[in-house]
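Take a look at the letters that make up each chain.
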Amino acid sequence: MSRLTRSKTWSSLMEHYQDIKHVHMRDMFNRDEQRFDKYSLQLNDILFDYSKNRINDETLKLLLQLASDANLSIWIEKMFAAERINHTEYRAVLHTALRNPSHQPIMLDGVDILADIRTERGRIKQLSEDIRTRKWRGASNQAITDVVNIGIGGSYLGPLMVTEALKPYAPKDLNLHFISNIDENHINDTLEYLNAETTFFIISSKTFTTQETLVNAETALQWHVNELGGKEYVDRHFCAVTSNVKLAREFGIEEARIFKIWDWVGGRYSLWSSIALPIIIAIGSEQFDEFLAGAYEVDQHFRHTSFDRNIPVLMALLGIWYNNFFETQSMVVLPYDQHLHRFPAYLQQLDMESNGKCVDRQGCQVDYTTGPIVFGEVCVEAQHSFFQFLHQGTKLVPADILAPIYDFNSIEKHHRVLISNVFAQAEALMRGKTYTEVYEDLKSEGLDENQIKQLAPYLVFPGNRPTNTLLFNTLDAKTLGAIIALYEHKIFVQGAILNVNSFDQWGVELGKNLAKNISHELNNVKRVKSHDSSTNGLINHYKCQYLREKLKNG
Ligand code: F6P
């Protein structure tokens, strides 16, 4: 047994779970009129309501004990103090430094990283402003109308999510495009309508070794050279964001157009770094500073607030409670804001790549559940697809609901309907509907006893399904920065308590390496025998059919 599952606190939580698992939240609310006041917190513009959870004071006491058993305060300070807590890669974890406005140095290996950050930030802001103000000129002295970010994972999902979320702040005459997929349809469909003379490419790759990004970058470069008849304009139309300056230069990008990131920022935590170039081009420097400020306020809250009032800590503890004791295995994120439509995808990488681990910090297999399966969809869209499952399915899925109180673009009628759904769904998930309530409803609709008996079982909602609601004033840059930082810290806390390294991602390596070998095998007509029979069979079938199709189509 691991130290965690052997612990007294873990056993007490197990016992407590037996007591609470049959208690219905409806009864908890009926018994305590102050439940919302007790279990909700406000941080600046964000209200965090966690009262619709299957918890009481005893649950929280035990969960908070879990945090203290894990020396969470020490882990938090280790992260902020630049200790190499990403031990498998021997790296510090300093995305928080990227939003730290102070001039108090943060030293790593004798270098003040804040000074480095300021230099690179100045450079990306300059380029962004030059593009935004039409000062930056491409071939034939034309201004840039389209910016294409080529990158994948953290070099794509964060910038895409943020630029979509803050669309109202972006100029209408500057178009952003993102190419991530190696499937050539992605790049072909994007380039088809672009004019090479007015298009600017950002090759975004922390390592500059990611195959998908490099192949896409080469195709983009070739397209550009073909369209403009030579390489002389590359410098005006391509830049790179990377920690691997050497490889970016070898690719053909001038050092002056290479923006640095550092090994102490993980890909999925990198949207605060130069990886934010498309974000700053979209929303401008001032709004970007607001974005950083929102995250910094959460950093301060996380670092200095007692755990019982600390939003990311409570979010993390609730996640552990459900995943390990209720065995929920998953969580769903439900943004009631169209502009947050890429938030679930972004959160999937952030959470699942961070805590999707089965080996602890000591290299031993864990005997508990680590990160959850994260899924989600913008609402109300999701209400009409998988909410049936959430309400009446056999799995318990804890939900996070995110919603803006006010949207400065909104038509009042639309927004009222949208927000009424937020409250209604959270209430329905919590309360459910009993047989008696269903019976009374059907009776008042005039159904006879027989009809009621037949229909009623289908209309019963078990309820007791937990939700957190994050209600914020409006989706502006500062609030978005804060929301992202809340989730980053939630994931950090879970990693600390569950004793996994949230900052490496070895699990993506095996598939990548195998793909490289298979890619060579696909390059000739020989039958493949080197794999298991299924993989050999699939590869050989592919080769045979591919060749046939090719011959057929000339
Ligand atoms: O999918 C694995 C991963 O390493 C992610 O962690 C990262 O965000 C993504 O690939 C892209 O990596 P890079 O920015 O180095 O191209």
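Now for a description of the structure that goes with this document. (Residues numbered from 1 in each chain as written. Predicted model: local features only at pLDDT ≥ 70, side-chain atom pairs only at ≥ 80, totals over all residues. Heavy atoms only, no water.)

Concerning the overall build of the protein
And step 1. When its secondary structure is counted, the protein shows 22 helices and 13 strands.
And step 2. Over its C-alpha atoms the protein spans a radius of gyration of 26 Å, differing by no more than 12% from the 24 Å that the globule rule assigns to 554 residues.
And step 3. Overall, the C-alpha framework of the protein stretches about 80 × 65 × 55 Å when taken along its three principal axes.
And step 4. Burial statistics for the protein: of 554 residues in total, 53% are counted as buried.
And step 5. Look at the contacts in the protein between residues 6 or more apart in sequence, and 74% of them connect residues 24 or more apart.
And step 6. Total accessible area computed for the protein in this model is approximately 25700 Å², and 51% of it derives from carbon and sulfur atoms.
And step 7. Measuring between centres, the 57 positive side-chain charges of the protein sit 4 Å from its 68 negative side-chain charges. (Helix = DSSP H or I, 4+ residues; strand = E, 2+ residues; numbered from the N terminus. Rg over C-alpha atoms; globule rule 2.2 N^0.38 Å. Buried < 20%, exposed > 50% of the residue type's maximum accessible area, 1.4 Å probe, protein only. Contact = heavy atoms within 4.5 Å. Areas by Shrake-Rupley, 256 points an atom, 1.4 Å probe, with all protein chains shown as cover. Lys, Arg positive; Asp, Glu negative; His and termini not counted. Charge placed at Lys NZ, Arg CZ, Asp CG, Glu CD.)

Here's the deal with the pattern of salt bridges
A side chain with one charge may pair with a side chain of the opposite charge, provided their charged atoms come close.
And step 1. Under the defined criterion, the tally for this structure stands at 25 salt bridges.
And step 2. Notably, a salt bridge pairs Arg-134 with Asp-173, separated by 3.0 Å at the nearest N-O pair. Placement of the pair is Arg-134 in the loop between α7 (113-132) and β5 (146-150) and Asp-173 in the loop between α8 (157-165) and β6 (175-179), with a sequence separation of 39 residues.
And step 3. Residue Asp-173 is classed as partly exposed on the basis of its relative accessible area of 47%.
And step 4. A salt bridge links Glu-353 to Arg-268; the shortest N-O distance between them is 2.9 Å. Pair noted here: Glu-353 is in helix α15 (residues 343-355) and Arg-268 is in the loop between β9 (258-260) and α13 (277-304), with a separation of 85 residues, a long-range link. (Salt bridge = Lys/Arg side-chain N within 4 Å of Asp/Glu carboxyl O.)

Let's talk about α8
And step 1. Among the nine residues of α8, nine are classified as buried, and the element is accordingly described as predominantly covered.
And step 2. The inward-facing, buried residues of α8 contact β6, α13, α15 and α20 (477-498).

As for the site of the ligand
And step 1. The full set close to the ligand counts 14 residues, and Gly-154, Ser-155, Ser-205, Thr-207 and Thr-210 are the nearest of them.
And step 2. A distance of 2.5 Å separates an oxygen atom of the ligand from a polar atom in the side chain of Thr-210.
And step 3. Within the contact set of the ligand, an oxygen atom lies 3.2 Å away from a side-chain nitrogen or oxygen of Gln-349.
And step 4. When isolated, the ligand has an accessible area of 390 Å², and the protein chains bury 87% of it.
And step 5. Of the residues assigned to the shell around the ligand, the class counts are two nonpolar, nine polar and three charged. (Near = heavy atom within 4 Å. Polar contact = N/O pair within 3.5 Å; in protein donor to acceptor, adjacent residues only side chain to side chain. Nonpolar A, V, L, I, M, F, W, Y, C, P; charged D, E, K, R; others polar.)

Observations regarding a negative patch on the surface
And step 1. Taken together, the side chains of Asp-183, Glu-184, Asp-189 and Glu-192 define an acidic patch exposed on the protein surface.
And step 2. In this structure, Asp-183 sits in the loop between β6 and α9 (184-191). (Patch = residues over 30% accessible without salt bridge, like charges linked within 9 Å, V, L, I, M, F, W, Y side chains within 5 Å.)

Structural notes on the packing of helix α18 (residues 435-444) against helix α19 (residues 449-459)
And step 1. The interhelical angle for the contact between α18 and α19, taken along N-to-C directions, is 135°, at an axis separation of 9 Å. Accordingly, the angle class assigned to the pair α18 and α19 is oblique. Relative to α19, the crossing made by α18 is right-handed. Note on element contacts: α19 touches α18 through Glu-449, Ile-452, Lys-453, Leu-455, Ala-456, Pro-457 and Leu-459, opposite Tyr-435, Val-438, Tyr-439, Leu-442 and Lys-443.
And step 2. Its residues placed into classes, the contact of α18 with α19 shows nine nonpolar, no polar and three charged. (Axes fitted to C-alpha atoms, helices over the stretch in contact; angles between N-to-C directions. Parallel < 35°, antiparallel > 145°, perpendicular 65-115°, else oblique. Left-handed = near helix turned anticlockwise from the far one by under 90°.)

Remarks on unusual backbone geometry
And step 1. Look at the link from Cys-379 to Val-380: it is a cis peptide, with omega at 20°.
And step 2. On the secondary structure map, Val-380 appears in the loop between β11 (373-376) and α16 (387-392).
And step 3. The phi angle at Asn-464 is positive, at roughly 65°, despite the residue not being glycine.
And step 4. Among the secondary structure elements, Asn-464 is positioned in the loop between α19 and β13 (467-472).

Some details on the sheet that holds β5
And step 1. Spatially, five strands are ordered β6-β5-β7-β8-β9 in an open sheet, and the strand pairing comes out parallel. At either margin of the open sheet sits one strand with a lone partner, and together these are β6 and β9. Neighbour to neighbour, the strand axes of the sheet diverge by 20° on average, direction disregarded.
And step 2. The sheet contact formed by β5 and β6 spans five bridges and is parallel. (Pairing = 2+ DSSP bridges.)

Concerning a nonpolar patch on the surface
And step 1. A cluster of nonpolar side chains, Ile-405, Tyr-406 and Phe-408, forms an exposed patch at the surface whose accessible area comes to about 330 Å².
And step 2. Within the secondary structure layout, Ile-405 lies in the loop between β12 (399-404) and α17 (412-431).
And step 3. On the basis of relative accessibility, which here comes to 47%, the residue Ile-405 falls in the partly exposed class.

Describing the nonpolar core
And step 1. Formed by 120 residues in total, the largest nonpolar core has its most connected members in Trp-264, Trp-321, Phe-343, Leu-480, Ile-484, Tyr-487 and Phe-492.
And step 2. The element best represented in this core is α20, accounting for 14 residues.
And step 3. Once residues within four sequence positions are removed from consideration, Trp-264 is found in contact with Ala-92, Val-93, Leu-94, His-95, Leu-98, Leu-108, Ile-113 and Ile-117.
And step 4. Ranked by size, the runner-up nonpolar core spans 24 residues in total, among them Leu-194, Ala-220, Leu-228 and Phe-251. (Core = buried A, V, L, I, M, F, W, Y, C linked by side-chain atoms within 4.5 Å.)

As for the sheet that holds β13
And step 1. Strand order across the open sheet formed by six strands is β1-β2-β13-β12-β10-β11, with mixed pairing between neighbours. Unpaired on one side and paired on the other, β1 (40-43) and β11 mark the two borders of the sheet. Here the average twist between neighbouring strands, direction ignored, is 15°.
And step 2. Summarising the sheet, strand β10 (residues 330-335) and β12 pair through four bridges and their orientation is parallel. Within the sheet, the bridge partner assigned to Pro-335 lies in β12 and is Leu-402.
And step 3. Lying over the sheet, helix α14 (residues 311-325) contacts β1, β2 (46-49), β10, β12 and β13, oriented at roughly 30° with respect to β2.
And step 4. Docked against the sheet, α15 engages β10, β11 and β12, running at close to 175° with respect to β11.

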